[in-house]
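Structural overview for review
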Amino acid sequence: MKVSEYMSTTTEIATPDTTLSQIAKQLATNNISCVVIVENKKPVGIITKTDITRAYAGEVPSNTIADAFMTSKDLICVRADTQTDDIADLIQKKFVHHLVVVDENGFFAGVASSWDVAREVSLDAKAFPYNRELWAKPKTAAVATDKAPVMQ
């Protein structure tokens with residue numbers, strides 16, 4: 001399955017001159033875990049709840065702008081046609097929870113989180129029960145005892 005089929009497209013964005021305080025408000029108000037920093041429709045960074053927590057703990061002034069706080073080398077982008085297995089591998093290898101998704105022109109398209117991938121993998125496993133013998137629907141006979149139903 002392609003990431004474009006389950007990524008979040010309603011992700012909050014901000015510009016490089018947005019302050020950490022403003023980004024923290026976006027995170028809290030919208031109950032989200034990241035804000036993508038976009039310039040000219042292209043993602044240039046991402047700030048997560050973890051980043052905001054670290055900034056606070058490190059006593060970074062809340063009026064610091066995103067551009068001064070983030071490091072673009074940490075931004076990992078994938079194309080919208082990237083397969084779920086590749087997304088899962090990348091999340092695991094890079095130890096990240098969010099991947100920024102871009103279209104064929106490199107413009108911001110959405111975000112795929114580790115939760116999105118876990119949900120899709122779970123649904124995929126349930127959609128194809130013939131791959132797992134234990135998922136087969138057993139025929140059961142209801143028995144009026146304290147024991148579990150008997151398999152026939």
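An account of the accompanying structure is given in this report. Note that the structure is a prediction, hence the values are computed from the model and not measured.

Focus: the overall build of the chain
The helix and strand tally for the chain stands at five helices and eight strands. Relative to all contacts within the chain whose residues are 6 or more apart in sequence, the contacts with residues 24 or more apart total 51%. Split by element, the accessible area of the chain, about 10300 Å² in all, is 53% carbon and sulfur.

Some points on helix H1 (residues 20-30)
All of the buried residues along H1 are Leu 20, Ile 23, Gln 26 and Leu 27. In a view along the axis of H1, the buried residues occupy a sector of 115°, so they form one face of it. In H1, the exposed positions that point more than 90 degrees away from the buried face belong to Lys 25, Ala 28 and Thr 29. Of the surrounding secondary structure, the elements contacted by the buried residues of H1 are strand E1 (13-14), strand E2 (34-39), strand E3 (42-48), helix H2 (49-57) and helix H3 (66-69). One or two residues past the end of H1 sits Asn 31, with phi positive at roughly 50°.

A closer look at helix H4 (residues 84-94)
Residues of H4 that are buried: Thr 84, Ile 87 and Ile 91. Projection of H4 onto a plane perpendicular to its axis shows the buried side chains occupying an angular sector of 60°, all on one side. Turned more than 90 degrees off the buried face of H4, the exposed positions are Asp 85, Gln 92 and Lys 93. Looking at the residues trailing H4, positive phi occurs at Phe 95, about 55°.

What to know about the pattern of salt bridges
Applying the stated rule across the entire model yields three salt bridges. Asp 81 serves as the salt-bridge partner of Arg 79, at 3.8 Å between the closest nitrogen and oxygen. Between Arg 119 and Glu 120 there is a salt bridge, with its nearest N and O atoms 3.7 Å apart. Ionic contacts of the salt-bridge type, sharing partners, join the residues Asp 116, Arg 119 and Glu 120 into one network.

Points about the environment of Ala 66
By secondary structure assignment, the location of Ala 66 is in helix H3. Of the residues examined, Ala 66 reaches a relative accessible area of 0% and is grouped as buried. If near-sequence neighbours (up to four positions away) are discounted, Ala 66 is found in contact with Thr 15, Pro 16, Thr 18, Ile 23, Ile 37 and Ile 47.

Focus on the pairing of strand E6 (residues 108-113)
Within E6, five of the six residues are buried, which leaves it mostly tucked inside the rest of the structure. In this structure, strand E5 (residues 98-102) lies alongside E6, joined through five bridges in antiparallel fashion. Note that in E6 the partner of Val 102 across the bridge is Phe 108. Counted between consecutive antiparallel strands, the loop separating E5 from E6 contains five residues, among which Gly 106 sits at a positive phi close to 85°.

Reading the values: the criteria
Residues numbered from 1 in each chain as written. Predicted model: local features only at pLDDT ≥ 70, side-chain atom pairs only at ≥ 80, totals over all residues. Heavy atoms only, no water. Helix = DSSP H or I, 4+ residues; strand = E, 2+ residues; numbered from the N terminus. Contact = heavy atoms within 4.5 Å. Areas by Shrake-Rupley, 256 points an atom, 1.4 Å probe, with all protein chains shown as cover. Buried < 20%, exposed > 50% of the residue type's maximum accessible area, 1.4 Å probe, protein only. Arc of directions from axis to C-beta. Salt bridge = Lys/Arg side-chain N within 4 Å of Asp/Glu carboxyl O. Pairing = 2+ DSSP bridges.

Geometric values such as these leave the question of function open.
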